[in-house]
Amino acid sequence: MAAFTGVSSTSLISRDLSRQCLAPTKISGLKLVSFSTSGRTNLPLSFRHLQVSCAAKPETVEKVCDIVRKQLALKDDISVSGESKFAALGADSLDTVEIVMGLEEAFGITVEEESAQTIATVQDAADLIEKLCEKSA
């Protein structure tokens, strides 16, 4: 799923109309890619800075969290979210392989070894799952 997030800009009250105050919106857990124009443009002020983020659906992230919690036998008081790193949750390389196998089974996908090695967080796993599910659809 792709989401587009603009950056709000407000002109400061001054004689110099080129000065602007940019206030980017921070969204936790998303990988943000920024595109900004330089120089002159005919785009309205609100479109001069655009961020594109690709993030998995919340239900996919939640399902991945549940699988990670189960695979690592985590206690209920340990928080697992999209930002959670497998290593920080106590996973070693064998645990990560078992997590990937659990994800493959739960989502009916096959994760290539190269792709599996890029997974470090729950969000990484959820994003990869959605990408693979889109390809197979």
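Relevant structure appears above.
Heads up: these notes are all about the structure in this document. Starting from 1, residues in each chain are numbered consecutively following that chain's sequence as written. Side-chain atom pairs in this predicted model are given and counted only at pLDDT of 80 or more, local residue features only at pLDDT of at least 70, and totals for whole chains, interfaces and linings cover all residues. Here the side-chain values reflect all heavy atoms present in the structure, with hydrogen atoms and water set aside.

**Structural notes on the overall build of the chain**
Defined as follows: Numbered from the N terminus, helices here are DSSP runs of H or I no shorter than four residues, and strands are runs of E no shorter than two. Type-normalised accessible area, obtained with a 1.4 Å probe on protein chains alone, sets the label of each residue: buried when under 20%, exposed when over 50%, and partly exposed for intermediate values. Residues are treated as being in contact if the distance between any of their heavy atoms lies within 4.5 Å. Accessible areas in this description were obtained via Shrake-Rupley with a 1.4 Å probe; residue shielding takes into account the shown protein chains only.
Across its full length, the chain holds 4 helices and 5 strands. Shown N-terminal to C-terminal, the secondary structure of the chain runs as helices and strands in the order β-β-β-β-β-α-α-α-α. Relative to its full complement of 137 residues, the chain shows a buried share of 31%. Intrachain contacts of the chain at a sequence separation of at least 6 include 52% that bridge at least 24 residues. With the model as given, the accessible surface of the chain reaches about 9,400 Å², and the carbon-plus-sulfur share is 54%.

**What to know about helix 1 (residues 58-71)**
Selection rule: Expected span of a helix, by definition, is 1.5 Å for each gap between consecutive residues, and there is one gap fewer than residues. In this description, the arc belongs to the directions extending from the helix axis to the C-beta atoms.
Taking 1.5 Å of rise per residue, 14 residues should cover 20 Å, and helix 1 covers 20 Å from first to last C-alpha, within 8% of that figure. For helix 1, the set of buried residues is Thr60, Val61, Val64, Cys65, Ile67 and Val68. Taken end-on, helix 1 shows its buried residues confined to a sector of 165 degrees, consistent with a single buried face. Every exposed residue of helix 1 that faces more than 90 degrees away from the buried side is listed here: Pro58, Glu59, Glu62 and Lys70. Those residues of helix 1 that are buried are in contact with helix 2 (93-107) and helix 4 (122-136). After helix 1 finishes, the residue Ala73 shows a positive phi value of roughly 50 degrees.

**Regarding unusual backbone geometry**
Non-glycine residue Ala73 carries a positive phi angle of around 50 degrees. By relative accessible area, which is 66% here, Ala73 ends up exposed.

**Description of the packing of helix 1 against helix 2**
Inclusion rule: Interaxial angle, 0 to 180 degrees, is taken between N-to-C directions of lines fitted to C-alpha atoms, where a helix line uses only the stretch in contact. Roughly parallel means an angle under 35 degrees; roughly antiparallel, over 145; roughly perpendicular, 65 to 115; everything else is oblique. In a left-handed crossing the near helix is turned counterclockwise from the far helix by less than a right angle, and in a right-handed crossing that turn is clockwise. Under the convention adopted here, Pro, Cys and the residues Ala, Val, Leu, Ile, Met, Phe, Trp and Tyr are nonpolar, Asp, Glu, Lys and Arg are charged, and Gly plus all remaining residues are polar.
It is the contact of helix 1 with helix 2, at a shortest axis distance of 10 Å, that shows an interaxial angle of 130 degrees. With respect to helix 2, the element helix 1 is oriented oblique. As helix 1 packs across helix 2, the resulting crossing turns out to be right-handed. Counting all contacts with helix 1, which are made through Thr60, Lys63, Val64, Ile67, Val68 and Gln71, the residues of helix 2 involved are Glu98, Ile99, Gly102, Leu103, Ala106 and Phe107. Residue composition of the contact of helix 1 with helix 2, by class: 7 nonpolar, 3 polar and 2 charged.

**Points about the packing of aromatic side chains**
Rules: To pair, rings of Phe, Tyr and Trp, with the six-membered ring standing in for Trp, must have centres within 6.5 Å; the planes then decide the type, stacked if under 30 degrees apart, edge-to-face if over 60, and tilted in the middle. Counting as a charge over the ring demands two things of the Lys NZ or Arg CZ atom: a distance within 6 Å of the ring centre and an angle within 35 degrees of the ring normal.
Per the stated rule, a full pass over the model turns up 0 aromatic pairs. One residue, Lys63, lies across the ring of Phe107, its end atom 4.6 Å from the ring centre.

**Details of the packing of helix 1 against helix 4**
In contact at an axis separation of 9 Å, helix 1 and helix 4 are set at 120 degrees when each is read in the N-to-C sense. Here helix 1 lies oblique to helix 4, going by the angle between them. Relative to helix 4, the crossing made by helix 1 is right-handed. In this structure, helix 1 contributes Thr60, Val61, Val64, Cys65 and Val68 to the contact, and helix 4 contributes Val122, Gln123, Ala125, Ala126, Ile129 and Glu130. Here the contact of helix 1 with helix 4 is built from residues that sort into 8 nonpolar, 2 polar and 1 charged.

This is a description of form; function is not addressed.
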